[in-house]
Amino acid sequence: MKDFIVAIDGPAGSGKSTISKIVAKKKGFTYLDTGAMYRMVTLATIKKNVNVENKEEIVDLLKNIKLNIEKDKFYLGNEDVSEEIRGVEVTSNVSKVAAIKEVREELVRLQREISQGKNVILDGRDIGTVVFPNAQLKVFLVASSEERAKRRVKEFESKGINISYQEVLDEIIKRDKMDSTREESPLLQAEDAVLVDTSSMSIDEVSNKIVELVDNLF
Ligand code: CDP
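Quick caveat: nothing in here was measured; it's all calculated off a predicted structure.

Visitor: Could you give an account of the pattern of salt bridges, naming the residues involved and the relevant values?
Guide: A full pass over the atoms with the stated rule returns 20 salt bridges. Between R148 and D176 there is a salt bridge whose closest N-O contact spans 2.9 Å. Residue R148 is found in helix α7 (residues 145-158), and its partner D176 is found in helix α8 (residues 165-181); the two are separated by 28 residues along the sequence. The burial state of R148 is the same as that of D176; both residues are buried. Two residues, D179 and R182, come together in a salt bridge whose shortest N-O distance is 3.5 Å. Each of K47, E79 and E84 takes part in one network of salt bridges that share partners.

Next up, the structure:
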């Protein structure tokens, strides 16, 4: 089968990318991390010293940058920015850039183009509602903010980055609020999405559950 789309949406740190990678590997699907694409545009904005509030300049900049994605590596032009896009500066500015209509239109166009003719699992905020409203399977992953902050702190620690739990929690709450209340494609559970609360589930439990959901349809 081709063009089988799995849409994984949910708030920051709900485990979307970890789970999507596992499910993609198990099922032989392509994985597309759409958050990384918004992060790349944000990094380009910072690198070019464009103010993240300056919509016109960001839209202009978008025409002059090339996002190259190769498996789990992300390149701005030829530069590998896979690590840099996860940094604190990008993270604290990305929701502003992601709220710009023209940025979303261009990235959604790219997401559809990349997915064409393949079986794909995409994670993000608007996959089931906007990018692929006809996706065969939609999952909305949630977890308590406290649990999500704990996971993020661990992730940072594993990379040798020290960051306080409170700082991470505050950032997650702030970003969720911006993502959920913006006008353009806000973070929203699609009506036909399966809600999975991962607060007290292990990575294996969540990925097995989603593989099972895929297997029932694929
Ligand atoms: O991994 P984490 O949940 O921290 O974030 P991400 O998935 O990398 O997404 C970073 C940011 O990009 C989000 O906070 C949203 O502002 C934006 N985003 C979006 O607007 N739409 C998407 N489909 C994916 C991400």
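Still more ground to cover, so stick around.
Visitor: Give a detailed account of the environment of E205, specifying residues and quantitative values.
Guide: Locating E205 in the fold gives a position in helix α9 (residues 203-217). Expressed as a C-alpha distance, the spacing of E205 and R112, which sit 93 residues apart in the sequence, is 29 Å. Only 2.8 Å separates the side chain of E205 from the backbone nitrogen of S202, close enough to count as a polar contact.

Visitor: Which residues make up helix α3 (residues 55-63), and what are the values?
Guide: Residues of α3 that are buried: I58, V59, L61 and L62. In a view along the axis of α3, the buried residues occupy a sector of 160°, so they form one face of it. Of the exposed residues in α3, the ones pointing more than 90 degrees away from its buried face are E56 and K63. Of the surrounding elements, those touching the buried residues of α3 are α2 (34-47), α4 (88-98) and α5 (101-115).

Analysis parameters
- Residues numbered from 1 in each chain as written.
- Predicted model: local features only at pLDDT ≥ 70, side-chain atom pairs only at ≥ 80, totals over all residues.
- Heavy atoms only, no water.
- Salt bridge = Lys/Arg side-chain N within 4 Å of Asp/Glu carboxyl O.
- Helix = DSSP H or I, 4+ residues; strand = E, 2+ residues; numbered from the N terminus.
- Buried < 20%, exposed > 50% of the residue type's maximum accessible area, 1.4 Å probe, protein only.
- Polar contact = N/O pair within 3.5 Å; in protein donor to acceptor, adjacent residues only side chain to side chain.
- Arc of directions from axis to C-beta.
- Contact = heavy atoms within 4.5 Å.

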